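Okay, here's what each chain looks like letter by letter:
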Amino acid sequence: MIDAEDRTLQHGLVAVDNGCIVYVGPNGVDYTATTEIDGHGKLVMPGLINAHTHIAMTLFRGLAEDVPLNAWLENVIWPREAKLKPQDVYAGALLGCAEMIETGTTCFNDMYLFMDQVAEAVTKSGLRAVLAEGMIEQGDPEKGQEALHKGEVFAKNYDRFAGGRVRTRLGPHSEYSCSPEFLRKVKDKADSLGVGIHMHLAESKPYADSVATKLGKSATRQLEEIGFLDDQLIVAHCIHVDQEEMNILAHHRVGVAHCPVSNMKVALGIAKIVDMIGRGIPVGIGTDGPASNNHVDMLKDIKIAALAQKSLYADATALPAKKLLRMATIDGAKALGLDGEIGSVEVGKKADLILIDLNKPHLSPPADPWTTVAHSAMGSDVDTVIVDGRMLMQSRRLTELNEEEVIKEATRVAQELLSR
Ligand SMILES: [Zn+2]
């Protein structure tokens, strides 16, 4: 987790200057620092990267439980989303940011509504994010045009926002809510803006099947035909893709965000991640929105990812701890095209770091650090969080956000939404 070679270091020192890592190596080097963090008994690693979420959906946490995706979306989520106001999204996003910081996430990839509000929450919280305004066309070209315009304006205005910590993308919702004609327009726009694309793909079998019936081919093949696939695209889920479609995604170097908890909770199936990784597809891990998870604690989800793949393939060697942690850090960064900047503890990278407190009963006695983090640690073991060289949490106390106020305001908004 230290670098590209997966080296680990005992009694090491990490020095940060101007938001970047300037030294990683043995302790004993004489640095004069304005701030020193005693890492004794702690483990330093890259901040976790949540490769797919809709963070403001904290507002809907616990509202629709034990129901299938179509009922979840159509009966509960979409009607409530229609009543959302910008300030609601801000409150929900801020709550999600607090939760992410407290569980060790330093960067998240998000698609939702009123994304300017999410960008503001990112500014306030100090986190890093890749943000896209969600676009749904549903066969209505006028609606599509309007959505594309909104998405374009957001992508233009907020790229490099928050001191460069925000990067933007275009966010067509999915293959079942956007036509190939619309997606082609989205791709042209993304290319002209120089931004990537974030969308859902092959999440639900009934939706994937209905698209395939309509098009006479799978959505992945259709996307290839319209020139939509390249390394600027990250797709979430990919549960219902066959081996040939995986070859297509690998050939075009498309990034995948695997969201095991959300997928299993809504009973959509388990993506064949081992097959994707075997083809060289960069696969990150996402929590998906807090309404279908019901948290954004990446350390919980990576363990479940491993258990699900081991069970799916009946193979205990599937997704070993080292690979899991790479997926939650550098592979997620790669899927987002940010592996040159974040995802590992290396000189020249942004100082997005977390410290895990190892002095806990469930983390003792000391074992292989990869296994300790991947299978024993919990989000609440994260002690310190640093993004861009700035401390966002120290000794489990948030430094940029007032936790009590953030919880209170989001709770007020969520309750008010129910009566709206
Ligand atoms: Zn999603």
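Residues numbered from 1 in each chain as written. Predicted model: local features only at pLDDT ≥ 70, side-chain atom pairs only at ≥ 80, totals over all residues. Heavy atoms only, no water.

1. Overview of the sheet that holds strand β8 (residues 196–201)
Then, number 1: Sheet architecture is open: eight strands sit in the order β4-β5-β6-β7-β8-β9-β10-β11, paired in parallel fashion. In the strand order of this sheet, the two ends are held by β4 (48–53) and β11 (283–285), each with one partner. Taking the axes of each pair of neighbouring strands and ignoring which way they run, one obtains an average angle of 25° across the sheet.
Then, number 2: Across seven bridges, strand β6 (residues 128–135) lies against strand β7 (residues 166–172) in parallel orientation. (Pairing = 2+ DSSP bridges. Helix = DSSP H or I, 4+ residues; strand = E, 2+ residues; numbered from the N terminus. Axes fitted to C-alpha atoms, helices over the stretch in contact; angles between N-to-C directions.)

2. Here we look at the coordination of the zinc ion
Then, number 1: Bound to the zinc ion are the protein donor atoms H52 (NE2), H54 (NE2), H200 (NE2) and D288 (OD), situated 2.1 to 2.4 Å from the metal.
Then, number 2: Classification of the site at the zinc ion rests on its four donor atoms, whose angles at the metal span 86 to 175°, yielding the label irregular.
Then, number 3: Each donor residue of the zinc ion lies on the same chain, and together they follow the pattern H-x1-H-x145-H-x87-D. In this pair, H54 is assigned in the loop between β4 and α1 (69–81) and D288 in the loop between β11 and α11 (298–312), connecting sequence segments 234 residues apart. (Donors = N, O, S within 2.8 Å, 3.2 Å for Na, K, Ca; no water. Tetrahedral: all angles 85-135°; square planar, octahedral: opposite > 155°, others 65-115°.)

3. Quick notes on the packing of α11 against helix α12 (residues 321–335)
Then, number 1: Here α11 crosses α12 at 135°, and the two axes come no closer than 10 Å. Taken as axis vectors, α11 and α12 run oblique relative to one another. Pair α11 / α12 crosses with right-handed handedness. Counted together, M298, I302, A305 and A306 of α11 and L324, L325 and A328 of α12 form the full contact between these two elements.
Then, number 2: When grouped by side-chain class, the residues that make up the contact of α11 with α12 number seven nonpolar, no polar and no charged. (Parallel < 35°, antiparallel > 145°, perpendicular 65-115°, else oblique. Left-handed = near helix turned anticlockwise from the far one by under 90°. Contact = heavy atoms within 4.5 Å. Nonpolar A, V, L, I, M, F, W, Y, C, P; charged D, E, K, R; others polar.)

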